[in-house]
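Structural description and commentary
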Amino acid sequence: MRDRMNVYFPPALLKQIADLADRKGLSRSAIVEAAVASFLSPDGADRREAAFTRRLDRLSRQVQRLERNIGISTETLALFVRFWLTITPPLPSDAQAAAQAKGRERYEGFIEALGRRLQKGQSLLQEIPNDIAETPTHEPDENLTDKC
C-alpha cells in the first residue's frame, strides 16, 4: 500500500524531474521516490566518502610525483653546477668579453632547443626510466660525482 503525500517543488526542479522521467521512460513519482530513497540511504554517505577518498588518493599520488620530479630536477641542476664549476677554469681578463659573447650565443641556442623539446612534449623526466633501463649494470652516479 502506498500513502499519498503532497510536495511542492520550484518550477525549474519540477521541469528537470519531468525531463528525466521522459528520458528514462519512468513516472515522475518513480523519479522522486528514487531520489528520496537515495537521499535517505545510509549507503549514500558511504559512497560519497569513498568517492572523496579515491579523489584524495589520486591527488596524493599526483603530489608525490610532483615532489619526485622537483627533487630530480633539483639534484640534476646541483650536479651540473658542481661539475661545471669543478672543470671550468677561470678566464684571463682579455678573454672574458669574447667568452661572454659566445656564452650569450650558446644560451640563445639552448633556449631555442629547449623550446623545440617542450613543443614536441619531450621531457627529461620521461627519458630517465628509459636511460636507466638501457644503461649497462654499473653505477653512473658514483662515476659522475667522482669527476665533480
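Residues numbered from 1 in each chain as written. Predicted model: local features only at pLDDT ≥ 70, side-chain atom pairs only at ≥ 80, totals over all residues. Heavy atoms only, no water.

1. Details of the overall build of the protein
Our working rule: Put simply, DSSP marks the helices as runs of H or I at least four residues long and the strands as runs of E at least two long, and each gets a number from the N terminus on. Buried, partly exposed and exposed residues are distinguished by accessible area as a fraction of the type maximum, computed with a 1.4 Å probe on protein chains only: under 20%, between the cut-offs, and over 50%, respectively. Contact criterion: two residues are considered in contact whenever any of their non-hydrogen atoms come within 4.5 Å of each other. Here the open area of atoms and residues is found with the Shrake-Rupley method and a 1.4 Å probe, where only the protein chains shown may cover a residue.
Looking only at helices and strands, the protein has six helices and zero strands in total. In the protein, which comprises 148 residues, the proportion classed as buried is 4%. The long-range share in the protein, meaning contacts at least 24 apart out of those at least 6 apart in sequence, stands at 43%. As displayed, the protein offers around 13,400 Å² of accessible surface, 58% of which is attributable to carbon and sulfur atoms.

2. Concerning the pattern of salt bridges
Convention followed: Salt bridge, as applied in this entry: a Lys or Arg side-chain nitrogen positioned within 4 Å of an Asp or Glu carboxyl oxygen.
Under the defined criterion, the tally for this structure stands at three salt bridges. Residues Asp19 and Lys15 are paired through a salt bridge, measuring 3.2 Å at the closest nitrogen-oxygen approach. With Asp19 and Lys15 both in helix H1 (residues 11-24), this residue pair falls four residues apart, about one helical turn. Residue classification places Lys15 among the exposed positions, given a relative accessible area of 52%. Between Lys102 and Glu105 there is a salt bridge; the shortest N-O distance is 3.4 Å. One end of the pair is Lys102 and the other is Glu105, both in helix H4 (residues 96-120) and three residues apart, which spans about a single turn. In this structure Lys102 comes out as partly exposed when scored by relative accessible area, which is 43%.

3. Brief notes about a nonpolar patch on the surface
Worth spelling out the cut-off: Every patch collects residues that have over 30% relative accessible area and no salt bridge, joining them within 9 Å if they carry like charges and within 5 Å if they are nonpolar side chains (Val, Leu, Ile, Met, Phe, Trp, Tyr).
A cluster of nonpolar side chains, Met5, Val7, Phe9, Leu13 and Leu14, forms an exposed patch at the surface whose accessible area comes to about 450 Å². Within the fold, Leu13 resides in helix H1. Classification of Leu13 by relative accessible area gives partly exposed; the value is 35%.

4. With respect to the packing of H1 against helix H2 (residues 28-40)
The condition that has to hold: Convention adopted: a line fitted to C-alpha atoms gives each axis, helices being fitted over their contacting stretch, and angles between N-to-C directions are expressed from 0 to 180 degrees. When an angle is under 35 degrees it counts as roughly parallel; over 145 it counts as roughly antiparallel; between 65 and 115 it counts as roughly perpendicular; any other value is oblique.
Between H1 and H2, the shortest axis-to-axis distance is 8 Å and the interhelical angle comes to 110°. If you check the angle between H1 and H2, you find them roughly perpendicular. Counting all contacts with H1, which are made through Leu14, Ile17, Ala18, Leu20 and Ala21, the residues of H2 involved are Arg28, Ile31 and Val32.

5. Focus on the packing of aromatic side chains
The condition is simple: A pair of aromatic rings is counted whenever rings of Phe, Tyr or Trp (Trp by its six-membered ring) have centres within 6.5 Å, and the orientation is called stacked for planes under 30 degrees apart, edge-to-face for over 60 and tilted otherwise.
This model, assessed by the stated rule, comprises one aromatic pair. Between Tyr107 and Phe110, the aromatic rings sit 6.3 Å apart at their centres with planes inclined by 35°, giving tilted as the arrangement. Note that Tyr107 and Phe110 are positioned in helix H4 at a spacing of three residues, about one turn of the helix. For Phe110, a relative accessible area of 49% puts it in the partly exposed group.

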